[in-house]
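Observations on the model geometry
The primary structure of each chain is shown beneath.
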Amino acid sequence: MRRSILCTAISLVLLIFGAGAFVIDMTETQKHIDSYNRKIDQAPDILKAVMGDERINLEVARDDASTFRVGLDMRSARINRSIEGGWNDPTISIRASEEAIDNIRLSKEPIAAFGEERDAGRITFQTNDLIAGAKLKVVLSSTPVLQFGYDVLFT
C-alpha cells in the first residue's frame with residue numbers, strides 16, 4: 001500500500017509542480033496539467049486502465065502560511081478540468097507542504113526524496129472510498145508509473 005501511494009503521489013505532486021520555476025498558482029498548475037494530458041498516451045497501461053474517473057484534491061501549505069487548493073477532475077486518466085479551491089467530496093486527497101515539494105523538485109533522486117517526505121508526514125494521502133483506495137494502491141505499486149511521472153516533469 002505504501003509503495004502504491006508513493007507512485008501516485010509522486011506523479012500527481014510532481015505533475016502540478018514540475019522542474020521549472022516553482023510557482024504555486026492556477027496558471028502554473030494549468031501548464032503542468034496541459035503537459036500531463038499531452039503525454040498521457042505514452043503512460044504505462046496500468047495508469048490509464050486503473051486511474052479512470054477520480055476527483056482529486058491537492059492542498060499545499062505554502063511557506064508564507066497561505067494554502068493553495070486545487071481539485072482535479074480525472075476522466076479516463078486525463079485531467080479533464082481543474083477546480084480552484086478543490087472539491088467538497090474528493091475521492092483522493094493529497095496534502096503537502098511547499099518545502100516538501102521543493103525538496104523533491106530539487107533532489108537528484110526525487111523518488112527517494114518523495115519517500116522521505118512522505119515518511120516524515122509532510123506529504124499525506126487519503127482516499128474517501130474503498131474503490132479509490134484500491135485504485136491508488138495498484139497504480140502506486142508500479143515502477144513504470146513512477147518513471148512516467150518523473151519523465152513528464154523533469155525531461
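Our subject is the structure that appears above.
First, a word on scope: everything that follows refers to the structure included in this document. The shown structure was predicted, so the numbers you read here are calculated from the model rather than taken from an experiment.

**As for the sheet that holds strand S4 (residues 92-97)**
Taken in spatial order, the five strands of this open sheet run S3-S2-S1-S4-S5, and their pairing is mixed. Edge positions in the sheet fall to strand S3 (78-84) and strand S5 (123-127), since each has one partner strand and no second. Within this sheet the neighbouring strands show an average axis-to-axis angle of 20°, counted without direction. Strand direction decides the pairing type here: S4 and S5, joined by five bridges, are antiparallel. Pairing of isoleucine 92 across the sheet is with threonine 127, part of S5. This element, helix H2 (residues 26-39), spans strand S2 (67-75) and S3 of the sheet and lies at about 170° to S3. Running over the sheet, helix H4 (residues 98-106) touches strand S1 (54-61), S4 and S5 and is turned about 85° from S4.

**Some details on the nonpolar core**
Within the largest apolar cluster, 30 residues are counted, with the highest numbers of intra-cluster contacts made by Tyr36, Ile40, Leu47, Ile56, Ile94 and Ile123. Among the elements that take part in this core, S2 stands out by supplying four residues, more than any other.

**Focus on unusual backbone geometry**
The backbone of alanine 65 sits at a positive phi, close to 80°, despite the residue not being glycine. The backbone of serine 76 sits at a positive phi, close to 50°, despite the residue not being glycine. Among the secondary structure elements, serine 76 is positioned in the loop between S2 and S3. According to the relative accessible area criterion, serine 76 is exposed, its value standing at 57%.

**Regarding the pattern of salt bridges**
Summed over all chains, the structure comprises eleven salt bridges. Lysine 31 is paired through a salt bridge with glutamate 28; the nearest N and O atoms lie 3.6 Å apart. A residue pair is termed a helical-turn pair when its members lie 3 or 4 positions apart in one helix, as lysine 31 and glutamate 28 do in helix H2 at three residues. On the basis of relative accessible area, glutamate 28 is assigned to the buried category, the value being 15%. For arginine 81, the salt bridge goes to aspartate 73, with nearest N and O atoms at 3.3 Å. In this structure aspartate 73 comes out as buried when scored by relative accessible area, which is 3%. In the salt-bridge network here, residues are joined through shared partners; they are Asp53, Asp73, Arg75 and Arg81.

Thresholds applied
- Residues numbered from 1 in each chain as written.
- Predicted model: local features only at pLDDT ≥ 70, side-chain atom pairs only at ≥ 80, totals over all residues.
- Heavy atoms only, no water.
- Pairing = 2+ DSSP bridges.
- Helix = DSSP H or I, 4+ residues; strand = E, 2+ residues; numbered from the N terminus.
- Axes fitted to C-alpha atoms, helices over the stretch in contact; angles between N-to-C directions.
- Contact = heavy atoms within 4.5 Å.
- Core = buried A, V, L, I, M, F, W, Y, C linked by side-chain atoms within 4.5 Å.
- Buried < 20%, exposed > 50% of the residue type's maximum accessible area, 1.4 Å probe, protein only.
- Salt bridge = Lys/Arg side-chain N within 4 Å of Asp/Glu carboxyl O.

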